[in-house]
Amino acid sequence: MEEIYLDNSATTRTCDEAARLAYEIMTKDYGNPSSMHMKGVEAERYLREAKATFANILKCSEKEIYFTSGGTESDNMSIIGAAKAGARRGRHIITSSIEHPAVARCMEMLEGEGFEITYLPVDPSGMVSADTLKAALREDTILVSIMYVNNEVGSVMPIGEIGAAIKAYNKDIVFHVDAVQAFGKYRINPYKENIDLLSVSSHKIHGPKGVGMLFVKDKTKIRSTVYGGGQQGGFRSGTENVPGIAAMALAAKMMYESFDEDINRLYELKEYFTGEIAGISGTHLNGPLGRAGAPHIISVSFDDIAKSEVLLHSLEERGIYVSSGSACASNHPGLSGTLTAMGIPKNLIGATIRFSMSVHTTREELEKTLLALKDILPVLRRYKPR
């Protein structure tokens, strides 16, 4: 059976080039980068090259690039580290009501430690307003954390406008951006967008799992949250995952080599798929349409479907892999916080499917998915919830 993979926001397939590089390092250049012999020197060279790759993409300094175990650790280090560093100046933090659990759970923890969190609302398309953010800023605000792209519906936040508003109000407020769904889909410039901390995950860009990147703007006040042997300047201790880091950097470089062509093609596929699916009765598209939203994420709610999981598994039986929402959020059962914040009715929230594409997705795959939906939906709707 042909496999059609449309769950790329959960994870992407590691590209062949990155997988080969990781294997080569694991089996040949396997030294510890902290060792002083040539095996260690060779391993350390991979780290320097990876830093240079990310610094070139983000137009920043190599010393502002750190490597982590993934987007979750990058988010945790940013939020907890900045909160602890700024606690004497204030204890007010601003975030949105639709953040990824890697951010939202940090906020819950900090609330338990006496920090005050303001959760900004979103409009029906899942957008945070810069004006709403401005109104929430206070003298005791020390940190703002807003995602670049929402992982469930693909809404794109006005990060540049938000960053400018924050720094105009108080340049000492730290601005963290979870760019896990944005990196590789947008050209991101932390300095132009006034971003102090930026989180990236390897497995969303065709790199291996278990590795991530964190940009920390020079002179940003942040405390380390990982202690040990003092690697990475003492900010993030622990022996570096050299194969993963090198493979992630190669995948990142490849994402931007044919960037304009790839992104335009993704938007063309998105416009085709959303146009066709809108013609199927009882469907509701969530989030911004066309180029107002991210190029790779499509969220659709279906009338008269008992549960999204039923549709998900019906598609899976035909070799089509999709998601009923955020893969990470599935560990926190309940209604989607993003769709709830957008005002989507409960009956539709429970019947929502996320289709997420990659640069490898083809129009033929989408055509087959649409045909499968047209076959499956009438059958499932015979057993619609009462």
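Before reading on, note that the structure itself is shown above.
Quantities reported herein were computed from a predicted structural model and do not represent experimental measurements.

Got a minute to help me understand the overall build of the protein in this structure?
Looking only at helices and strands, one finds 12 helices and 12 strands in the protein. By the compact-globule yardstick of 21 Å for 386 residues, the protein fits well, its C-alpha radius of gyration being 21 Å. For the protein, the spread of C-alpha atoms along the three principal axes comes to 65 × 55 × 35 Å. In the protein, buried positions account for 57% of the 386 residues. Residue pairs at least 24 apart in sequence account for 74% of intrachain contacts in the protein once pairs closer than 6 positions are excluded. Carbon together with sulfur atoms contributes 51% to the accessible area of the protein, which is approximately 16600 Å² in total. Positive and negative side-chain charges of the protein, numbering 43 and 47 respectively, have mean locations separated by a distance of 3 Å.

Even after reading the chapter, I still don't get the sheet that holds strand β10 (residues 297-302), so can you show me in this structure?
In any sheet, the strands associate via hydrogen bonds between backbone groups, in a parallel or an antiparallel arrangement. The strand order β9-β10-β12 describes an open sheet built from 3 strands, whose pairing is antiparallel. Edge positions in the sheet fall to β9 (283-286) and β12 (352-356), since each has one partner strand and no second. This sheet shows a mean twist of 30° between the axes of neighbouring strands, independent of strand direction. Taken together, the 5 bridges between β10 and β12 define a ladder with antiparallel strand orientation. When the sheet's bridge partners are listed, Ile298 is paired in β12 with Phe355. This element, helix α8 (residues 259-277), spans β9, β10 and β12 of the sheet and lies at about 5° to β10.

Please clarify how the pairing of strand β4 (residues 116-120) should be interpreted in this entry.
Working note: regular strand, side chains alternate between the two faces of the sheet. Sheet topology note: the strand β3 (residues 92-96)/β4 ladder contains 5 bridges and is parallel. Its bridge partner lying in β4, Ile93 is registered against Ile117. After leaving β3, the chain enters helix α4 (residues 101-112) and then returns to the sheet as β4, a path that is right-handed.

So what exactly am I meant to see when it comes to the sheet that holds strand β2 (residues 65-68) here?
Here we have 7 strands laid out as an open sheet, ordered β2-β8-β7-β6-β5-β3-β4, and mixed in their pairing. Strands with a single pairing partner mark the edges of an open sheet, and in this sheet they are β2 and β4. In this sheet, neighbouring strand axes are inclined to one another by 20° on average, regardless of whether the strands run parallel or antiparallel. Bridge count for strand β6 (residues 174-178) against strand β7 (residues 197-201) is 3 bridges, and the pairing is parallel. In the strand pairing of β7, Asp178 is matched with Ser199.

What is the right way to read the pattern of salt bridges from this model?
Pairing between side chains of opposite charge can happen when the charged atoms of each approach one another. Applying the stated criterion across every chain, the model contains 21 salt bridges. Of the charged contacts, one joins Lys368 and Glu2 as a salt bridge, the two residues approaching to 2.5 Å between their closest N and O atoms. On the criterion of sequence distance, the pair formed by Lys368 in helix α12 (residues 363-381) and Glu2 in the segment before β1 (4-5) is long-range, its members being 366 residues apart. Residue Lys219 pairs with Asp218 through a salt bridge whose shortest N-O separation is 3.2 Å. Note on Lys219: relative accessible area 74%, which makes it exposed. Shared partners join several salt bridges into a network, and the residues in it are Glu2, Glu364 and Lys368.

Rules used in this analysis
Residues numbered from 1 in each chain as written. Predicted model: local features only at pLDDT ≥ 70, side-chain atom pairs only at ≥ 80, totals over all residues. Heavy atoms only, no water. Helix = DSSP H or I, 4+ residues; strand = E, 2+ residues; numbered from the N terminus. Rg over C-alpha atoms; globule rule 2.2 N^0.38 Å. Buried < 20%, exposed > 50% of the residue type's maximum accessible area, 1.4 Å probe, protein only. Contact = heavy atoms within 4.5 Å. Areas by Shrake-Rupley, 256 points an atom, 1.4 Å probe, with all protein chains shown as cover. Lys, Arg positive; Asp, Glu negative; His and termini not counted. Charge placed at Lys NZ, Arg CZ, Asp CG, Glu CD. Pairing = 2+ DSSP bridges. Axes fitted to C-alpha atoms, helices over the stretch in contact; angles between N-to-C directions. Right-handed = clockwise from strand over helix to strand, strands pointing away. Salt bridge = Lys/Arg side-chain N within 4 Å of Asp/Glu carboxyl O.

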